[in-house]
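# Results of the structural survey
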Amino acid sequence: MKWTASFFLILIINMASYSQKIDEAAVIKKLLEKESATWRAADSKGHTECWHIQPYSRILISTADGVTLDIPPTAMINTNPNAMGNGGFSVNTNYKMSINGNNAWVSHDEESTAKDGKKTFSYEIRLLEKIKGQWKLVGQSIHLYNPK
């Protein structure tokens, strides 16, 4: 009887910790979708809320034609809406993530559709930290590509 009770206790603890990771993953996905949407909507305030710039933050972008851009991380906060996206939407897929305590990294694919219907494709890696109980982006690497 004691063995059975111990087994079920261990099982319940494992299930609880697994479901917590699932919840954290859902919160992170929601943040990444908000960050994408606020950029395209030129919502500077909403976009800033997604970020927490650290001394080690870095934003790297490689374009489909081979150019690498090293964007100042401060460009992600308090951005002039005229310098932000111009409508459209994006769809993120193929999420892969590692969540360890208050740190996480996420990779995903993104298909963006501009207001005029033009599509761009990227592979993205996002670095996140939990700041005061909230997940925030602290860095990212975006690699644009032309699908074959």
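Keep in mind that what you see is a predicted model, and the values were worked out from it rather than measured. (Residues numbered from 1 in each chain as written. Predicted model: local features only at pLDDT ≥ 70, side-chain atom pairs only at ≥ 80, totals over all residues. Heavy atoms only, no water.)

### Quick look at the pattern of salt bridges
We count it as follows: Each salt bridge in this description consists of a side-chain nitrogen of Lys or Arg and a carboxyl oxygen of Asp or Glu lying within 4 Å of one another. Note on conventions: DSSP H or I runs of at least 4 residues are helices, E runs of at least 2 residues are strands, and numbering of each starts at the N terminus. When accessible area is computed with a 1.4 Å probe and restricted to protein chains, residues below 20% of their type maximum are described as buried, those above 50% as exposed, and intermediate ones as partly exposed.
Counted according to the given criterion, the structure contains 8 salt bridges. A salt bridge links K34 to E49; the nearest nitrogen and oxygen atoms lie 2.9 Å apart. Here K34, found in helix α1 (residues 2-40), pairs with E49, found in the loop between α2 (44-48) and β1 (59-62); they are 15 residues apart in sequence, far enough to count as distant. One salt bridge connects R40 with E110, and the closest N-O pair in it is separated by 2.8 Å. One end of the pair, R40, is in helix α1; the other, E110, is in strand β4 (residues 103-113), with 70 residues separating them in the sequence. Judged by relative accessible area, which is 14%, R40 ranks as buried. Given a relative accessible area of 6%, E110 falls into the buried group. One continuous salt-bridge network, built from bridges that share partners, spans K34, K45 and E49.

### Section: the nonpolar core
For clarity, the cut-off: Throughout, nonpolar core names a set of buried Ala, Val, Leu, Ile, Met, Phe, Trp, Tyr and Cys residues whose side chains join them through atoms within 4.5 Å. We call two residues in contact when some of their heavy atoms are within 4.5 Å.
Core analysis: the biggest nonpolar cluster contains 15 residues, and I28, L32, L128, W135 and L137 have the highest contact counts within it. When residues of this core are traced back to their parent elements, those giving at least two are α1, β3 (89-100), β4 and β6 (134-145). Counting residues per element, this core draws most heavily on α1, at 4 residues. Apart from residues no more than four positions distant in its own chain, W135 is found in contact with E24, V27, I28, L31, I99, G101, N102, N103, A104, L128, E129 and K130.

### Looking at the environment of R126
This is how it is decided: A 3.5 Å cut-off defines polar contacts: any pair of N or O atoms within that distance qualifies, except that in protein one atom must be a possible hydrogen donor and the other a possible acceptor, and neighbouring residues in sequence count only when both atoms are side-chain atoms.
Relative to the helices and strands, R126 resides in strand β5 (residues 119-131). Apart from the residues within four sequence positions on either side, R126 is in contact with L32, E35, S36, A104, W105, V106, H108, E110, L137, G139 and Q140. A polar atom in the side chain of R126 sits 3.0 Å from the side chain of Q140.

### So, the sheet that holds β6
Just so we agree on the cut-off: Each pair of strands is called paired provided DSSP finds at least two bridges between the two strands. For helices, the fitted axis covers only the stretch in contact; all axes are lines through C-alpha atoms, and the angles between them, taken along N-to-C directions, range from 0 to 180 degrees.
If you trace the 6 strands from one edge of the open sheet to the other, you get β2-β1-β6-β5-β4-β3, paired in mixed fashion. The open sheet has two free edges, formed respectively by β2 (68-71) and β3, since each of these has just one partner strand. Averaged over all pairs of adjacent strands, the angle between their axes in this sheet comes to 20°, without regard to strand direction. Here 11 bridges tie β5 to β6, and the two strands are oriented antiparallel to one another. What sits directly across from F121, in β6, is Y145.

### Some details on the packing of aromatic side chains
Two numbers describe a pair of aromatic rings. These are the distance of the centres and the angle of the planes. The following threshold applies: Aromatic pairing here means that ring centres of Phe, Tyr or Trp (its six-membered ring) are within 6.5 Å. Orientation follows from the plane angle: under 30 degrees is stacked, over 60 is edge-to-face, and everything else is tilted.
The final tally for this structure, using the stated rule, is 2 aromatic pairs. Centroid distance F121 to Y145: 6.0 Å. Interplanar angle 45°. Geometry classified as tilted. Taken together, the residues F121 in strand β5 and Y145 in strand β6 connect sequence positions 24 residues apart. For F121, a relative accessible area of 19% puts it in the buried group. Seen in terms of ring centroids, Y123 and Y145 are 4.3 Å apart; in terms of plane orientation they differ by 10°. Their pairing is stacked. Pair noted here: Y123 is in strand β5 and Y145 is in strand β6, with a separation of 22 residues, a long-range link. Judged by its relative accessible area of 44%, Y123 falls in the partly exposed class. Y145 sits in the partly exposed class, given a relative accessible area of 25%.

Read these as geometric descriptors, not functional statements.
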